[in-house]
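# Structure at a glance
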Amino acid sequence: MVKSVFCLSLIFVHALLWAYDPSTADIAKVVGDKGGLRGGLGCGVDVGTGLDPFVRDPISLNGPWSYILDPQDFGAAEFYKDLRQDGVKLVQHDFDRAPTMNVPTDWNSVDRSLLYYEGPMWLRRKFSWTARPGRRAILRFGAVNYRADVWLDGKLLGSHEGGFTPFAFDVTSLLANKTHSLVVRADATRHPESIPCMAFDWWNYGGITRDVALFDLPETYIAEGVLQCAKGRLDVLEGCVRLSDARAGVTASVKIPELDVSAEAKTDAKGIARFRIEAKPELWSPEKPRFYEVRFACGPDAFADQIGFRTIEVKGKKILLNGKQVFFKGVSLHNEKLGGGRVAKGSDAQRQLELAKDLGCNFLRLAHYPHDEATVRAAERQGFMVWSEIPVYWNIQWTNEATYANAERQLCDMVRRDVNRAGVVVWSLANETPYGAARDKFLSTLAKKARTLDMTRIISMAMEIGDVKGDVCTITDTLNPYVDIVSFNQYIGWYWAGADEAARFVFKIPYDKPVVISEFGGGAVYGRHGPKTERWTEEYQAELYRFNLEMLSRIDGLSGLTPWILFDFRSPRRPCPGIQDGFNRKGLVSEKGEKKLAFDVMRRFYEALDRKPAR
Ligand code: GCB
């Protein structure tokens, strides 16, 4: 009963609190409009660039959290008040006697017996606080997978669904000069109405997987500060400051000391001040990832971010970065540590980024959900353009309104979190979804929403190959009109046809748009050698890459490739003993970081592209 009330309230929260319908497709206006997640039950706040641990100095609530497993979900029942409130103690659920794990972390990596545990799990952390009058306290979770219910000293702050985006609560009125108890019920159990849904090809690590931070802010603070090149303009920067409260007539400013430019504006009735600055910054590019310190200020509040400036556009079959044609020399990767476990801190992904550099990449497809902020920042610092996506994957409940609201909120939270990241050039909305009218309605609406959120980046979806007749593959997905680039996953040589057969296939793509192949590849076990006709050998995979590259190179308008995938990753769908052992083996590199033969095939292909003049 309590659980169904809880579920109902989630639906209610999604349906009611997502009333976010900006009237114009201008990012400077849109990101400034108030909207997004409220966290639930009247206590939450939306998370913008002003609530970013990288630009402020919040109090960290990372570190040891006590945890209690609850495999039969008893804690949600009234009887177990002790779990939620950390108050009355029943011996079997005593946090003080419970083991601890170091948050942020997924719980699956903490103990071998939890490898495939999906939840629920109860976690508690105590912290002390000294209250200061006239300040605001905001509690932010970088991500909890998948569902989080949060209590502070026994009071339910709210609930959040979606495992890869931040959420926050205003806890000002609850904090006093004392020790507080913060309790989270985290649950990664799959549900048919969720995003992702029941089936997907990765392990969806559960837990408080990203930073927990408490922001001590002025009473009215800058909730959002945004600055980037105006659409298609390399000499005009546009942006805004949005205050936490809808206060009109307050002066806000933005400044780039290095360029000696600044602007001031007064907030409107929504608490938004908009800026337009004429400036000619040195541009961000993969060859030279240039950043400027941008300072946002308003009254007693200020913060600075390192922001790069660039434009990204599509013209006919070409992708233009800063007005010049660019080819996405990419690779796909999961937000997983080499060997398994969710990336929890920036350095966890550093080796992956080095491998991608070594492969010759200038582009990363961060599959299949928003990756952690430290990785996105590290990627853009190292000169990678980034494709960022939400986990609308395979089949989901296309006609469920709450599922749609969830997808839209995840999209908005992703955009809002990374809007200042020059490296992020593609927002992708879905992966390999099955054809159908209900799907088309869902995803075309989502695509329109994406354009109202951000008209300066490329909108995409990774689709399926379409119709195959003889040797001709025709791209038929009815969603192509809604995206800027034609992207599809194709596995010729692996799920069908032999490694050396790909070269005979041709693609018919009836759209005047650039083509980015969002996946291709096949499996190989590192160190397994044999004839190139034998599956799972490195030779087979290398041969598959050679023939696929020959075939794909002939596509008119080919503008990028993100082979699947940089490294072997954990997937419970891949049990085959001695071959997969719980890992998807399509990596160009093993889960231990060892390069397979196909790595070199791909690297040489990108090297050769560099020697060719622009296509
Ligand atoms: C796909 C999916 C990806 C899988 C891959 C595979 O099309 O998009 O998530 O891991 O195929 O290995 O089959």
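Everything numeric in this text was worked out from a predicted model, so none of it was measured.

## A look at the overall build of the protein
- Of the regular secondary structure elements, the protein holds 9 helices and 36 strands.
- Partitioning the contacts of the protein with sequence separation of at least 6, the portion at a separation of at least 24 is 72%.
- Only carbon and sulfur atoms are counted for the fraction: they give 53% of the accessible area of the protein, which is about 22100 Å².

## Focus: the nonpolar core
- Ranked by size, the top nonpolar core spans 89 residues in total, and within it F488, F507, L561 and M602 carry the most contacts.
- Excluding residues within four positions of it along the chain, M602 makes contact with L359, F520, Y545, L549, L561, P563 and L588.
- Within the second largest apolar cluster, 31 residues are counted, among which are W65, Y67, V171 and V184.

## Some details on the packing of aromatic side chains
- Going through the model one piece at a time under the given rule, you end up with 24 aromatic pairs.
- Taking the centre distance of 5.9 Å and the plane angle of 50° together, the rings of W107 and Y117 count as tilted. Within this pair, whereas W107 is found in the loop between β4 (100–103) and β5 (121–129), its partner Y117 is found in the loop between β4 and β5, the two being separated by 10 residues in sequence.
- Judged by relative accessible area, Y117 falls into the buried class, the value being 12%.
- Taken together, a centroid distance of 6.1 Å and an interplanar angle of 40° make the contact between Y292 and F309 tilted.

## Observations regarding the site of the ligand
- Around the ligand lies a shell of 14 residues, among which D201, Y393, E432, Y495 and K586 are the nearest.
- The separation between an oxygen atom of the ligand and a polar side-chain atom of N431 is 2.8 Å.
- In the environment of the ligand, an oxygen atom lies 2.5 Å from a nitrogen or oxygen atom belonging to the side chain of Y495.
- The protein chains hide 97% of the 320 Å² of surface that the ligand would expose on its own.
- Grouping the amino acids of the shell around the ligand by side-chain chemistry returns 5 nonpolar, 4 polar and 5 charged.

## Describing the sheet that holds strand β18 (residues 272–278)
- Read across the sheet, 3 strands follow the order β14-β15-β18 without closing on themselves; strand pairing throughout is antiparallel. Every other strand in the sheet has two partners, leaving β14 (222–229) and β18 as the edge strands with one partner each. The sheet shows a mean angle of 10° between the axes of neighbouring strands, taken without regard to direction.
- Direction of pairing for strand β15 (residues 236–243) relative to β18: antiparallel, over a ladder of 7 bridges. The residue of β18 that forms the bridge with V236 is E278.

## Topic: the confidence of the model for the protein
- Taken residue by residue, the protein gives an average pLDDT of 90. The fraction at 70 or more is 90%.
- Confidence drops under pLDDT 50 across residues 1–43; counting only partners more than four residues distant or on other chains, this segment forms 111 contacts.

## Examining a nonpolar patch on the surface
- Judged by side-chain polarity, V468, Y495 and W496 come together as a nonpolar surface patch covering roughly 270 Å² of accessible area.
- Examined against the element boundaries, Y495 turns out to sit in the loop between β31 (486–489) and β32 (506–508).
- We classify Y495 as partly exposed; its relative accessible area is 47%.

## As for the pattern of salt bridges
- Scanning the entire structure with this criterion turns up 53 salt bridges.
- Between R274 and D268 there is a salt bridge; the shortest N-O distance is 3.3 Å.
- In this structure, D305 engages R421 in a salt bridge whose closest nitrogen and oxygen atoms are separated by 3.3 Å. Of this pair, D305 sits in strand β20 (residues 301–307) while R421 sits in the loop between α6 (401–418) and β27 (424–431), and the two are 116 residues apart along the sequence. Assigned by exposure class, D305 and R421 land together as buried.
- Here the salt bridges share partners, and the residues they tie into one network are D52, D305, R377, E380 and R421.

## Topic: the side chain of T49
- For T49, the position within the fold is in the loop between β1 (44–45) and β2 (59–60).
- At 2.8 Å, the side chain of T49 and the backbone nitrogen of G225 are in polar contact.
- Filtering out sequence-adjacent residues up to four positions away, T49 remains in contact with V55, A223, E224, G225, V226, F303, R416, R417, V419 and N420.

## Focus: the sheet that holds strand β25 (residues 363–366)
- One open sheet holds the 8 strands; their spatial order is β28-β27-β26-β25-β24-β34-β33-β31, and the pairing between them is parallel. In this open sheet, the two strands that pair with only one neighbour each are β28 (458–462) and β31. Neighbour-to-neighbour, the strand axes of this sheet turn through a mean angle of 25°, independent of strand direction.
- Bridge count for strand β26 (residues 385–389) against β27 is 4 bridges, and the pairing is parallel. Residue pairing for β27: S388 is matched across the bridge by W427.

## Let's talk about the pairing of strand β24 (residues 328–333)
- A large share of β24 lies buried, amounting to 6 of its 6 residues.
- Residues F328, G330 and S332 point to one face of β24 and K329, V331 and L333 to the other, with burial holding for every one of them.
- Relative to strand β34 (residues 558–561), β24 is paired through 2 bridges, and the arrangement is parallel. The partner of F328 across the bridge, within β34, is G560.

## Some thoughts on the packing of helix α8 (residues 538–553) against helix α9 (residues 597–611)
- Relative orientation of the contacting elements α8 and α9 amounts to 25°, with a least axis distance of 7 Å. The orientation of α8 with respect to α9, classified from their angle, is roughly parallel. Here α8 and α9 pass one another in a crossing that is right-handed. Mapping the contact onto sequence places E538, E539, Q541, A542, Y545, R546, L549 and S553 in α8 and L597, A598, V601, M602 and F605 in α9.
- Looking at the contact of α8 with α9 residue by residue, the class counts come to 8 nonpolar, 2 polar and 3 charged.

## Describing the pairing of strand β8 (residues 147–152)
- For β8, a buried count of 6 out of 6 residues is recorded, marking the element as mostly surrounded by other parts of the structure.
- Of the pairings in the sheet, the one linking β8 to strand β9 (residues 155–161) comprises 6 bridges and is antiparallel in character. Bridge pairing links A148 to H160 in β9.
- Between the end of β8 and the start of β9, which pair antiparallel, lie 2 residues, with D153 showing a positive phi angle near 45°.
- By the bridge criterion, 6 bridges tie β8 to strand β11 (residues 178–187) in an arrangement that is antiparallel. Within β11, the residue paired with A148 across the bridge is A186.

Parameters at a glance
Within each chain, residue numbers correspond to sequence positions counted from 1 in written order. Whole-chain, interface and lining totals are the exception, using all residues; otherwise, since this is a predicted model, local features are given only for residues with pLDDT of at least 70 and side-chain atom pairs are given and counted only at 80 or more. For the side-chain quantities, the full set of heavy atoms in the structure was used; hydrogens and water were omitted. Runs of H or I in DSSP of at least four residues are treated as helices and runs of E of at least two as strands, each being numbered from the N terminus. Should any heavy atoms of two residues lie within 4.5 Å, those residues are considered in contact. For every accessible area listed, the method is Shrake-Rupley and the probe measures 1.4 Å; residues are considered covered only by the protein chains on display. Side-chain atoms within 4.5 Å link the members of a nonpolar core, which is a set of buried Ala, Val, Leu, Ile, Met, Phe, Trp, Tyr and Cys residues. Buried residues are those whose accessible area, probed at 1.4 Å on protein chains only, stays under 20% of the maximum for their type, while exposed residues exceed 50% and partly exposed ones sit between those limits. Pairing of aromatic side chains requires ring centres within 6.5 Å, counting the rings of Phe and Tyr and the six-membered ring of Trp. Pairs whose planes differ by under 30 degrees are stacked, by over 60 edge-to-face, and all others tilted. Any residue with a heavy atom positioned within 4 Å of a molecule or strand is treated as near that molecule or strand. Under the rule applied, a polar contact is a pair of N or O atoms within 3.5 Å (in protein, one hydrogen donor and one hydrogen acceptor; residues adjacent in sequence only if both atoms are side-chain atoms). Asp, Glu, Lys and Arg are counted as charged, while Ala, Val, Leu, Ile, Met, Phe, Trp, Tyr, Cys and Pro are counted as nonpolar; the rest, among them Gly, fall into the polar class. Pairs of strands are assigned from DSSP output, requiring at least two bridges between the strands. Lines fitted to the C-alpha atoms define the axes, with helices restricted to the stretch that makes contact. Angles between their N-to-C directions range from 0 to 180 degrees. Within a predicted model, pLDDT stands for the predictor's per-residue confidence, ranging from 0 to 100. Nonpolar side chains (Val, Leu, Ile, Met, Phe, Trp, Tyr) within 5 Å and like charges within 9 Å form the patches, drawn only from residues with over 30% relative accessible area and no salt bridge. The term salt bridge refers to a side-chain nitrogen of Lys or Arg lying within 4 Å of a carboxyl oxygen of Asp or Glu. An angle counts as roughly parallel when it lies under 35 degrees, as roughly antiparallel when it exceeds 145, as roughly perpendicular when it falls between 65 and 115, and as oblique in every other case. When the near helix sits turned anticlockwise from the far one by under a right angle, the crossing is termed left-handed; a clockwise turn instead gives a right-handed crossing.

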